[in-house]
Structures are given as structure tokens and as C-alpha cells.
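Secondary and tertiary structure notes
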Amino acid sequence: MREDNDPTWYDNPRLNAWLEAARTAFASLASETGGRWDYSPASLDRLERLLLSRYATWDAIYHHPDDPVLKAAAWYLGEVVVLHHGAIWAWNPDGPHTGEYWPGCPRLTYPCDRLSDAEADALAAEEIAGEDPMPSVVPLSHIGSLYAEGEHHLATVLEHFTAFEQWRAGLSVSSRRHVGGLSLAARPLPEDGMGVHM
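Throughout what follows, the structure given in this document is the object of discussion. (Residues numbered from 1 in each chain as written. Predicted model: local features only at pLDDT ≥ 70, side-chain atom pairs only at ≥ 80, totals over all residues. Heavy atoms only, no water.)

**Here's the deal with the packing of aromatic side chains**
Two measures describe an aromatic ring pair: the distance that separates the ring centres and the angle between the ring planes. One pass over the structure, following the stated rule, counts 14 aromatic pairs. Seen from their ring centres, Tyr39 and Tyr76 are 4.8 Å apart, and the 35° between their planes marks the pair as tilted. Remark: Tyr76 occurs in helix H4 (residues 68-85) and Tyr39 occurs in the loop between helix H1 (13-33) and helix H2 (43-54); sequence separation between them is 37 residues. Exposure remark for Tyr39: the relative accessible area of 25% places this residue in the partly exposed category. When the ring of Phe164 is compared with that of Trp167, the centres are 5.5 Å apart and the planes differ by 15°; the resulting orientation is stacked. Pair noted here: Phe164 and Trp167 are both in helix H7 (residues 157-176), with a separation of three residues, about one helical turn. Classification of Trp167 as buried rests on a relative accessible area of 15%. Connected via pairs of aromatic rings, a cluster forms that spans Phe26, Trp37, Tyr39, Trp75 and Tyr76. Directly above the aromatic system of Trp91 lies the positively charged group of Arg14, at a separation of 3.7 Å from the ring centroid. Sitting above the plane of the Tyr110 ring, Arg114 keeps its charged end 5.7 Å from the centroid. (Phe/Tyr/Trp six-rings, centres within 6.5 Å; stacked < 30°, edge-to-face > 60°. Helix = DSSP H or I, 4+ residues; strand = E, 2+ residues; numbered from the N terminus. Buried < 20%, exposed > 50% of the residue type's maximum accessible area, 1.4 Å probe, protein only. Lys NZ or Arg CZ within 6 Å of the ring centre and 35° of its normal.)

**Considering the side chain of His142**
Relative to the assigned elements, His142 resides in helix H6 (residues 139-144). For His142, a relative accessible area of 10% translates into the label buried. Within the local environment of His142, its side chain forms a polar contact with the backbone nitrogen of Val157, the two atoms lying 3.2 Å apart. In contact with His142, not counting residues within four places along its chain, are Leu77, His153, Leu154, Thr156 and Val157. (Polar contact = N/O pair within 3.5 Å; in protein donor to acceptor, adjacent residues only side chain to side chain. Contact = heavy atoms within 4.5 Å.)

**Brief notes about the sheet that holds strand S2 (residues 107-109)**
Across the sheet, three strands lie side by side as S1-S2-S3; this open sheet has antiparallel pairing. The sheet terminates laterally at strand S1 (88-90) and strand S3 (136-137), the two strands that pair on one side only. For S1 and S2, the ladder comprises three bridges, and the chain directions are antiparallel. Considered in S2, the bridge of Ile88 is made with Thr109. Packed on one face of the sheet, H4 meets S1 and S2 and runs near 135° to S1. (Pairing = 2+ DSSP bridges. Axes fitted to C-alpha atoms, helices over the stretch in contact; angles between N-to-C directions.)

**Some points on the nonpolar core**
Trp18, Leu51, Leu140 and Ile143 are the most contacted members of the largest nonpolar core, which has 41 residues in total. Here this core gets 10 residues from one element, more than from any other, and that element is H4. Beyond its immediate sequence surroundings of up to four residues, Trp18 is in contact with Lys71, Ala74, Trp75, Trp89, Trp91, Gly104, Cys105 and Pro106. In this structure, Tyr110, Leu115, Ala122 and Phe164 belong to the second largest nonpolar core, which totals seven residues. (Core = buried A, V, L, I, M, F, W, Y, C linked by side-chain atoms within 4.5 Å.)

**Regarding the pattern of salt bridges**
Summed over all chains, the structure comprises five salt bridges. Salt-bridge contacts for Glu32 lead to Arg54; the nearest nitrogen and oxygen are separated by 2.3 Å. You can see Glu32 sitting in helix H1 and its partner Arg54 sitting in helix H2, a full 22 residues away along the chain. On the basis of relative accessibility, which here comes to 37%, the residue Arg54 falls in the partly exposed class. In this structure, the salt-bridge partner of Asp38 is Arg36, at a minimum N-O distance of 3.8 Å. For Arg36, a relative accessible area of 67% gives the class exposed. (Salt bridge = Lys/Arg side-chain N within 4 Å of Asp/Glu carboxyl O.)

If you want it as C-alpha cells, here you go:
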């Protein structure tokens, strides 16, 4: 099991303190910048422009995770994903661990308790095979990616969760195509030759 599947990561003093501080920081940022922050995917373009106007390099992001504007931006980015994709915040209740790449910010993932048994089994099989479709995104890391080579945008964070939703939908379709352990495509047609072949 991935560590961020542990329910203690979803509600703990460390996470809750960060969320409260980040929410407060965003309220200040919203007051300073004015305009309407509506938590839409389109509003991430505005957030992106604001960040690029204030921070010139990746180092300015990585080495200052407690900067109130960065904390506010990470929180807002995360809340857009929460609102539009049902993501949840997760953070190690025991504090940062050795080798953690972005220790100053929690991550977003999808709660395993919302998966069906079939989805949970398929996810476990994917993990064993080394392919993990479950999204796990650190918003501050995604902000840092704006400064990487190539074209990067904040709104692409949503693609991780869209891909996971498509993976789940594919499983649902696959399960409907199998009845009693036999694929509908493998079932013989009725004698009159009529019927649905998939």
C-alpha cells in the first residue's frame, strides 16, 4: 500500500495547520490582488501569471516553501483540484522524511475508500506491475514546474486526475463487458444469428 493511502495522512495536526495557514495566506493574496478567484480551471491562468511576475526562477520556489504567496498559490491550486475532481489533501503526520523532494507542502491524491472492490483490486495489480494510475501531486512542485524547460502550465495538474477518472471508467466498461466470467464478445450468438457482438 502506498504511504499516502494511510487514512492518518488525510486528517492530522500537521496537515490541518498547513491548510489553515495557507487558506489565510490566500485570503490576504486575494484581497491584495482583487478581482474574482472562482476556483475554476480557467482561473489557474491568472494564478500562473501572478507567480511568473513575482518569482524569476525555480530556486525562488523550492527554497522558500513557507513564503505566504507560494503557500497561498499551492493551496488555491489544490482546492481547484479538490473541487473539480474530488481529490483530497494528504500529508505525513510524522513530519518530513529523508529524501522527500518537496517537504514543505502536502500532496493531493484520491481517497482509496471511494474505490469499488474491483477498482481497488485492479489498482493493487497495477502497483505490483509497477504501473500506478493513482494520482499523487504536490502542488508546490507543480508550481515549480513552470520554470522547467518546455511549456508548462498550472492547469495541467488536472490531467493527472482526469487520467485516473478515465482509468476508472475503463474498468467499469470492462466489467460490464464480462458477464459470469465470460466476455460478451466471446459468447456465442443466438441460433437465429441475431444479437449484439462487442
